[in-house]
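Results of the structural survey
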Amino acid sequence: MPPRQLLGRARRRPPAAHQPKRLNQQQQQLLHTASRSSVKEALEAVEVHWKSGLWLSPQNHYRGDATERIARDGAMGRGPVHAHLSEYVAVSAIAHCYDGWSFLGRAIEAELVGDMGTALHLAYYAELRAAMSILASNGVGVFKRKHVVIDVRGRCHWIDSLPTHEFAWLALEGFAASQNGVRALLNAVHPGGIPLEEWLRQYSSGYNYLSSQWIRQWGVDLSRWALDRDFRNTVSYRPSQFSILGPGDVRGAVRSVVGLWLLCEPGSSGGFPVLDRYLLRECLDQMFRNQHGRSPKQAPARFRRSISSLLTAVVPTAGMSVEQWEAFLSRTSEGSNPSLLGQAATYGVRVGPDSSRQVISRAFLLMRLATGTAWELLSQAFPTGPDLEPWLLGLSNCRPLWGSEEMPRPLTDLWTDVVDASHDLAQWVTNTEHATHHGLWSQHADLAAVLGTTERLALWGLNL
Amino acid sequence: MLVQKGGLAHMRTAPANSKTLPAIKVRQWLDEWDDVEWDPARHRARPLEWFYQFSIPATTLRSLSGIYRRTTDRKRAADDLGIQRRHEPSRSSDIGRFVRYGYPWSELSEAKRASDELRDLRQPGWLPTAIVVNILGPNDTRRGRTVAPQDLVSVEDGTGPYAAVTLPVGAISPGWRPSRLPPIEIIDGQHRLWAFSELDFTEDFELPVVAFRGLDLSWQAYLFYTINIKPKRINPSLAFDLYPMLRGESWLNRVDGHIIYREARAQELVDLLWAHPKSPWFHRINMLGEAGYKGQFVTQAAWVRSLLASFIKSWESRRSPVGGLFGSLVGSNHSMVLPWSRADQTAFLILAGSKLREAIAEVDLPWARALRSDNQPSLLEIDGRSEDPAFLGPNNLLSQDQGIRVFLHTINDLCYVRADELDLHGWGNTENPEETDEGRVNASITSLGRQRKIPGFLTKVARVLASFDWRASSGPELTRQEAALKAGYRGSGGYKALRTDVLRHLSHSGGEVGVAADVVMNGLKYAP
């Protein structure tokens, strides 16, 4: 199946039996009251504990197993402890973001090992964490069957009865279509250091549908897996050997993973400058097509004029010169899209040999959004930067990002490890006649391990 | 009532309980404008050949233009002026906070403002740019309404450039309202006025005003467009060149305002290093980050990161006294930034790189010979120019991220600690605004070459650097011990390892260079 354009329609709609349910009107209205500003205030309140290496106060009522505490309180008829729950949800936005990158890293490792079932499973959980992080950043806490909405006064309201996966998808879908969601998701991406929404606003065309389109496309696994129990069970509980064609192709796996990392080179302040400019370009192509009824390829002169006009209004501050931006956006340079975007736009009705890479691609894009919304939250709450140094210093004990020596500063220096690993592995698959998974891990386990530590993307993306 | 000498002294006395504002008449007209197609039927009547400037209390202007404090007994907080204008309350709130607290304090949350931790970020919130208005005449109609005679604002021209603007009786009183159409319409600046409608301000907080009289509607829309939409946004990097002092302002650093300058400036410098024919890296930077050039050309992004870590940093860390020549206060007193323009900064980097290339070309050490004999010149021929593999090429640290980073660090740090001796403040600002980027950089290179001390010091540093073994761990003819040492320069840990070894190498050379290296190592707390 050839890759499709990122923002085009899906080739096939999910079967009618798998059409998602809807939240009822009361639940939707409640979700609309979710307040990002309350989350920001809660995050400011809890920062004092970060110096001691704690995310939350030792007295926080929900410290430990929040889900169990919520269930127990519910059974005893106790209401939420508003301030504590708000603080929990606020820090969970950051924690889910980091965990999501961890899951994706393990998915990539499984992909490189050739275990596509595990890769698919873990990549799905990265997507779920992305959804939970985005929602938490915007005032919605996802738990087990009792979820919470934090309103503008910092009061917590329950939404009952929906399971985690189902609620996460429905809430995310609804959020993406809301005015707050449009703003939050489009401002999560910063091409050239400028929020995407500002680019699009200057392009003089409607753009409110884009965030919904992204979530529908990149969240397709969430929608199917949350609501299609058979599908989820096939991957999670059935023997992988019976359901997924394999073993995976190690060359394809390495190239796919290296291709993902090529989109991740951090800017001077971290972020995802490479990926973000591709996303911008796709958005502009789509908007031009909607506005003029022709693609940029069919009307190149007109498109170039629109780009030129846009770059007069928007002056990118980082990454490339105006001339380079013009060449890039009009596809005079780097005209092709990265294969990851095509993989993300492709899904099959059944699980197949390419499924894991497609889910990894979508998870990566959702994690990009989650990281952007978490970063916005942190930068608004802490204009002079959050004090997360104790947590960062502790990372070397649980993630192989750096050794016992000093933590590198700036953290973007960690990029050079990825460059070396990507280059050497790419050379290996090119020059090795009979490349196998065993060969990869017996000869280059250290390089493969580097490519599995996507936790560094959390650090760059949050500009720590 | 009029205190100006001369032009206004003869004017008639204003009624009691009204106010007359002294104004300046500003004549702006060119003969070419007579050819404009004036068409009153399309709201493009020929305007007066001048406008007025004066200042007025914000609260008074607000009343005169129909922008009122919201009360429960009013349906709308602004009278319809006949011009469809949208008001964004959030923008006015932002302006109101800015006036009270200045930037960046105004953008902090309530909690942050209350915490006192950032008290030193409070600054004045001046509004020096003029509100642009139109003063309606007795015959001007808007949606069928006119200004009541008693509500008209009158303007009387005096001799010379002076005029007097007389406000309606009672207009300066709190709560005054026009009985029909407000006598002033706002062309640009309505959000500033809305900000004053919501908050308590002293009655004498004044705003500068540019006032047209009887300006037709179409010209008002045109003015709004040329003020707000047409102008190209100023490049933030350029702003920091126009006001170099901004680079050293601590409040900007606290809220990452400098990031805007630093990132933009870093990219511009890399672009110029790639594009300028005299640059040693002319067309030898991987500007698009394309695959396949690893070990030959460093990417643009890596160059940007390295410049930000070296020349354009503010400080190494809170504890270190070593700052960036282009980003921090320089000199023993740390009181001034270097007023070097972008062209000057580029010239400095080009000179430093050229000195290194020349010094390496002269060395005949084993490491250089090994690289030269190992590489085929054709691989390094670009634009008809062959490159010395000992300066640029495969298996050479100077063609890798770590090598460029350490080179930039070294030049920056050593020059930084010798800033006074080198008289860095005595040079710079050689930009000729009429020339191209290439021309401006050429002028700066020429000027820098004539300096007494800077070129000589860069030559000395380059000669010592050229005696360092720049082979990468994959380099030719390395002993096992050498290869193991150089393996430590790979990866993220390699930056510090290489920097330490290069500084030690410089320190051991003695002389002016050795002394500077010692100072840097002490400042960074590196073991000798």
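Treat the numbers as computed from the prediction; the structure is a model and nothing was measured. (Residues numbered from 1 in each chain as written. Chains lettered and ligands numbered in written order. Predicted model: local features only at pLDDT ≥ 70, side-chain atom pairs only at ≥ 80, totals over all residues. Heavy atoms only, no water.)

Counting its secondary structure elements, chain A contains 23 helices and 3 strands. Out of the 464 residues in chain A, the part that is buried amounts to 59%. Split by element, the accessible area of chain A, about 18600 Å² in all, is 50% carbon and sulfur. (Helix = DSSP H or I, 4+ residues; strand = E, 2+ residues; numbered from the N terminus. Buried < 20%, exposed > 50% of the residue type's maximum accessible area, 1.4 Å probe, protein only. Areas by Shrake-Rupley, 256 points an atom, 1.4 Å probe, with all protein chains shown as cover.)

This next bit is on the pairing of strand S5 (residues 162-166) of chain B. Residue and element names in this part refer to chain B. Counting buried positions along S5 gives 4 out of 5 residues, so the element sits mostly inside the fold. Relative to S5, strand S1 (residues 20-27) runs antiparallel, the two being bridged by 5 bridges. Paired with Thr 20 across the two strands is Thr 166, which belongs to S5. Sheet topology places strand S4 (residues 154-157) next to S5; 4 bridges connect them, and they run antiparallel. Bridge pairing in S5 places Asp 157 opposite Ala 163. In textbook terms, the turn of a hairpin is the stretch between consecutive antiparallel strands, and for S4 and S5 this stretch comprises 4 residues, one of which, Gly 160, has a positive phi near 65°. (Pairing = 2+ DSSP bridges.)

Here we take up helix H18 (residues 511-524) of chain B. Note on helix geometry: an α-helix contains 3.6 residues per turn, so any two residues three or four positions apart are oriented the same way. Residues and elements named next belong to chain B. End to end, H18 covers 20 Å across 14 residues, agreeing with the expected 20 Å (1.5 Å per residue, within 8%). Looking only at H18, the buried set comprises Val 513, Gly 514, Ala 516, Ala 517, Val 520, Met 521, Gly 523 and Leu 524. Contacts made by the buried residues of H18 are with helix H12 (401-417), helix H15 (454-466) and helix H17 (494-508). Positive backbone phi, at 60°, marks Lys 525, one or two positions downstream of H18. (Expected span 1.5 Å × (residues − 1). Contact = heavy atoms within 4.5 Å.)

Now for the packing of helix H10 (residues 342-362) of chain B against H12 of chain B. All names here are of chain B. Viewed as axis vectors pointing N to C, H10 and H12 meet at an angle of 110°, and their least axial separation amounts to 11 Å. Taken together, the axis directions place H10 and H12 in an arrangement best described as roughly perpendicular. Relative to H12, the crossing made by H10 is right-handed. Where H10 approaches H12, its residues Phe 348, Leu 349, Ala 352, Gly 353 and Leu 356 are matched on the opposing element by Phe 407, Leu 408, Ile 411 and Cys 415. Among the residues forming the contact of H10 with H12, the class breakdown is 8 nonpolar, 1 polar and no charged. (Axes fitted to C-alpha atoms, helices over the stretch in contact; angles between N-to-C directions. Parallel < 35°, antiparallel > 145°, perpendicular 65-115°, else oblique. Left-handed = near helix turned anticlockwise from the far one by under 90°. Nonpolar A, V, L, I, M, F, W, Y, C, P; charged D, E, K, R; others polar.)

Time to look at the side chain of Ser 356 of chain A. The residue Ser 356 of chain A is located in helix H18 (residues 355-381) in this model. Ignoring anything within four residues of it in the chain, the contact list for Ser 356 of chain A reads Glu 111, Met 116, Ala 119 and Leu 120 of chain A.

Moving on, we get to the sheet that holds strand S3 (residues 156-160) of chain A. Spatial ordering of the open sheet is given by S1-S2-S3 (chain A), a layout of 3 strands whose pairing is antiparallel. Every other strand in the sheet has two partners, leaving strand S1 (140-141) and S3 of chain A as the edge strands with one partner each.

Residue and element names in this part refer to chain A. The final tally for this structure, using the stated rule, is 42 salt bridges over all chains. The salt bridge involving Asp 160 is made with Lys 146; its shortest N-O contact spans 3.1 Å. In this pair, Asp 160 is assigned in strand S3 and Lys 146 in strand S2 (residues 146-150), connecting sequence segments 14 residues apart. With relative accessibility at 38%, the residue Asp 160 sits in the partly exposed group. Across the pair Asp 151 and Arg 153 runs a salt bridge, and its minimum N-O distance is 3.5 Å. (Salt bridge = Lys/Arg side-chain N within 4 Å of Asp/Glu carboxyl O.)

We now examine the interface of chain A and chain B. The partner chain B presents 35 residues to the 36 residues of chain A that form the contact. Interface of chain A and chain B: buried area, both sides summed, is about 2900 Å²; carbon and sulfur atoms make up 50% of it. On the surface where chain A and chain B come into contact, there are 3 salt bridges. Across the pair Glu 265 of chain A and Arg 305 of chain B runs a salt bridge, and its minimum N-O distance is 3.1 Å. At the junction of chain A with chain B, the criterion picks out 7 residue pairs in polar contact (both at pLDDT 80 or more). With 7 residues, the single largest contributor to the side of chain A that touches chain B is helix H20 (residues 415-431) of chain A. A breakdown of the residues in the side of chain A that touches chain B according to their chemical character gives 12 nonpolar, 13 polar and 11 charged. (Buried area = accessible area lost by both parts, 1.4 Å probe. Polar contact = N/O pair within 3.5 Å; in protein donor to acceptor, adjacent residues only side chain to side chain.)

Once that is clear, we can look at unusual backbone geometry. Backbone torsion omega between Arg 409 of chain A and Pro 410 of chain A reads 0°, so that peptide bond is classified as cis. Relative to the elements of secondary structure, Pro 410 of chain A occurs in the loop between helix H19 (389-395) and H20. A positive phi angle, close to 65°, is found at Asn 395 of chain B, a residue other than glycine. Of the residues examined, Asn 395 of chain B reaches a relative accessible area of 18% and is grouped as buried. Non-glycine residue Asp 423 of chain B carries a positive phi angle of around 55°.

A few words on the pairing of S2 of chain A. Residues and elements named next belong to chain A. Counting buried positions over the 5 residues of S2 gives 4, a clear majority of the element. Sheet analysis places S2 next to S3, joined by 5 bridges and oriented antiparallel. Bridge assignment links Lys 146 to a residue of S3, and that residue is Asp 160. Connecting the antiparallel pair S2 and S3 is a turn made up of 5 residues, with Gly 154 showing a positive phi of about 85°.

Together, Arg 294, Arg 302, Arg 304 and Arg 305 of chain A line one region of the surface with positive charge. Mapping Arg 302 of chain A onto the fold places it in helix H15 (residues 300-313). (Patch = residues over 30% accessible without salt bridge, like charges linked within 9 Å, V, L, I, M, F, W, Y side chains within 5 Å. Lys, Arg positive; Asp, Glu negative; His and termini not counted. Charge placed at Lys NZ, Arg CZ, Asp CG, Glu CD.)

Moving on: the sheet that holds S1 of chain B. All names here are of chain B. Taken in spatial order, the 7 strands of this open sheet run S4-S5-S1-S2-S7-S3-S6, and their pairing is mixed. Sheet topology places S4 and strand S6 (184-188) at the edges, where each strand pairs with a single neighbour. Each adjacent strand pair in this sheet contributes to an overall mean axis angle of 35°, direction not counted. As defined by bridge partners, S1 adjoins strand S2 (residues 50-57) across 4 bridges and the pair is classed as antiparallel. Bridge pairing links Arg 27 to Trp 50 in S2. Sheet strands touched by helix H5 (residues 217-228): strand S3 (131-135), S6 and strand S7 (206-213). Its angle to S6, the strand with the most contacts, is close to 35°.

Residue and element names in this part refer to chain A. Taken N-terminus to C-terminus, the directions of helix H13 (residues 250-262) and H18 make an angle of 10°; their axes are 11 Å apart at the nearest point. Here H13 lies roughly parallel to H18, going by the angle between them. Across the interface between the two elements, Gly 252, Ala 253, Ser 256 and Leu 260 of H13 pack against Arg 357, Ile 360 and Phe 364 of H18. Residue classes in the contact of H13 with H18 are distributed as 4 nonpolar, 2 polar and 1 charged.

The next thing to look at is helix H4 (residues 82-113) of chain A. All names here are of chain A. Compared with an ideal rise of 1.5 Å per residue, which puts 32 residues at 46 Å, H4 spans 45 Å between its outermost C-alpha atoms and is within 8% of the ideal. Of all the bends in H4, the largest measures some 30° and sits at Ser 92. Along H4, 23 of the 32 residues are buried, which leaves the element largely enclosed by surrounding structure. A positive backbone phi angle near 100° is found at Gly 114, which sits one or two residues after H4. (Bend = angle between axes of the 7 residues up to and from the residue.)

What follows concerns the environment of Leu 408 of chain B. Residues and elements named next belong to chain B. Secondary-structure assignment places Leu 408 in helix H12. Taking the C-alpha atoms as reference, Leu 408 lies 41 Å from Asn 228; in sequence the two are 180 residues apart. Setting aside chain neighbours within four positions, we find Leu 408 in contact with Trp 303, Ser 306, Leu 307, Ser 310, Phe 311 and Leu 349.

By size, the foremost hydrophobic cluster in this structure holds 148 residues, and its most contacted members are Leu 43 and Phe 364 of chain A. The leading source of residues in this core is H4 of chain A, at 14 residues. The contact partners of Leu 43 of chain A, leaving out residues within four places of it in the chain, are Trp 50, Ala 90, Val 91, Leu 377, Leu 378, Ala 381 and Phe 382 of chain A. Core analysis: the second largest hydrophobic core is formed by 80 residues, Trp 303, Phe 348, Phe 391 and Trp 427 of chain B among them. (Core = buried A, V, L, I, M, F, W, Y, C linked by side-chain atoms within 4.5 Å.)

Another point: the environment of Ala 168 of chain A. Residues and elements named next belong to chain A. Positionally, Ala 168 belongs in helix H6 (residues 164-177). Between the alpha carbons of Ala 168 and Val 140 there is a distance of 9.5 Å; along the sequence they are 28 residues apart. When near neighbours in sequence (up to four residues on either side) are disregarded, Ala 168 contacts Leu 128, Leu 135 and Val 142.

Here the focus is the confidence of the model for chain A. Residue and element names in this part refer to chain A. Put simply, chain A has an average pLDDT of 87, and 89% of its residues get 70 or more. Mean pLDDT across the elements of chain A ranges from a minimum in helix H12 (residues 240-243), with 61, to a maximum in S1, with 97. This model gives residues 1-18 a pLDDT under 50, and the stretch forms 40 contacts once residues within four places in sequence are excluded. (pLDDT = per-residue confidence, 0-100.)

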